[in-house]
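# Summary of structural features
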Amino acid sequence: SQYVTGNIDTSYANGINFVHVTNYGGALTTEVALTDALTLRSITGYRDLYFANGDDNDGSPLQFYESTYSMWQHQISEELQLLGKTFDNRLTYLLGGYYFDENGEDNQDVIFAQGLQQINVDTNINTRTEAGFARGSFQATNQLSFTLGGRITYEQKKLASDSRELNGFLYRNFGCYPGESPAPVPG
């Protein structure tokens, strides 16, 4: 209670406190008429994000619980569509393909109890998607039409995360041993 100020806008925290965000992206759609009945469309997207923050989470002048977190991520996507009409415009169709690629990484550091325990977590993520699709609509009469479509998608996601206790506090004080250690884990 000695560090409670009674004012929600005032604390005794003296550690790191910041937030930084940089985020941008864009999309571009272009169309080219190949013939009167055939159009090629391209939809391209890009996004880039960087985020970082630091917090003195305990709100006291002690370095008891402080953390930093940073994340970087970018992605790109491309979709190509071929749009057409035939049979006196009674049949309209769309054929297309889609590609998406995302890469990102984040890092988190947490300090407990004046540095007695320091934890670091590094994570990498990768996503790749490829798809093909088709759709056709046939206008049988002015009142009746039929539509058929389908899509096939392949997606691969990878996530790798590595957590480390940087100074070995738990190993030394509680009999826990790292995975590569020949010593047995108690219990």
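Look a little higher up for the structure.
What counts and what doesn't
- Residues numbered from 1 in each chain as written.
- Predicted model: local features only at pLDDT ≥ 70, side-chain atom pairs only at ≥ 80, totals over all residues.
- Heavy atoms only, no water.
- Patch = residues over 30% accessible without salt bridge, like charges linked within 9 Å, V, L, I, M, F, W, Y side chains within 5 Å.
- Areas by Shrake-Rupley, 256 points an atom, 1.4 Å probe, with all protein chains shown as cover.
- Salt bridge = Lys/Arg side-chain N within 4 Å of Asp/Glu carboxyl O.
- Helix = DSSP H or I, 4+ residues; strand = E, 2+ residues; numbered from the N terminus.
- Buried < 20%, exposed > 50% of the residue type's maximum accessible area, 1.4 Å probe, protein only.
- Pairing = 2+ DSSP bridges.
- Polar contact = N/O pair within 3.5 Å; in protein donor to acceptor, adjacent residues only side chain to side chain.

Let us look at a nonpolar patch on the surface. There is a patch of nonpolar side chains on the surface, built from Tyr 24, Tyr 46, Ile 76 and Tyr 99 and spanning about 370 Å² of accessible area. Of note, Tyr 46 is situated in strand β2 (residues 38-56). Relative accessible area serves as the criterion here: at 34%, Tyr 46 is assigned to the partly exposed category.

This part covers unusual backbone geometry. With a phi angle near 55°, Phe 87 is a residue other than glycine that sits in the positive phi range. Although it is not a glycine, Asn 89 sits at a positive phi angle of roughly 65°. Relative to the helices and strands, Asn 89 is located in the loop between β3 (65-86) and β4 (91-112). Looking at Asn 89, the relative accessible area reads 51%, which means it is exposed.

Taken together, the 22 bridges between β4 and strand β5 (residues 117-139) define a ladder with antiparallel strand orientation. Looking at the pairing, Phe 112 lines up with Gln 117 of β5. Two successive antiparallel strands, β4 and β5, enclose a turn made up of 4 residues, where Ala 113 displays a positive phi of approximately 50°. Here β5 hands over to strand β6 (residues 145-165) after 5 residues, the two strands then running antiparallel side by side.

As a further point, take the environment of Thr 141. In this structure, Thr 141 sits in the loop between β5 and β6. When the C-alpha atoms of Thr 141 and Arg 90 are compared, they prove to be 8.8 Å apart, with 51 residues separating the residues in sequence. Only 3.1 Å separates the side chain of Thr 141 from the backbone nitrogen of Gln 143, close enough to count as a polar contact. A distance of 3.0 Å separates a polar side-chain atom of Thr 141 from the backbone nitrogen of Leu 144.

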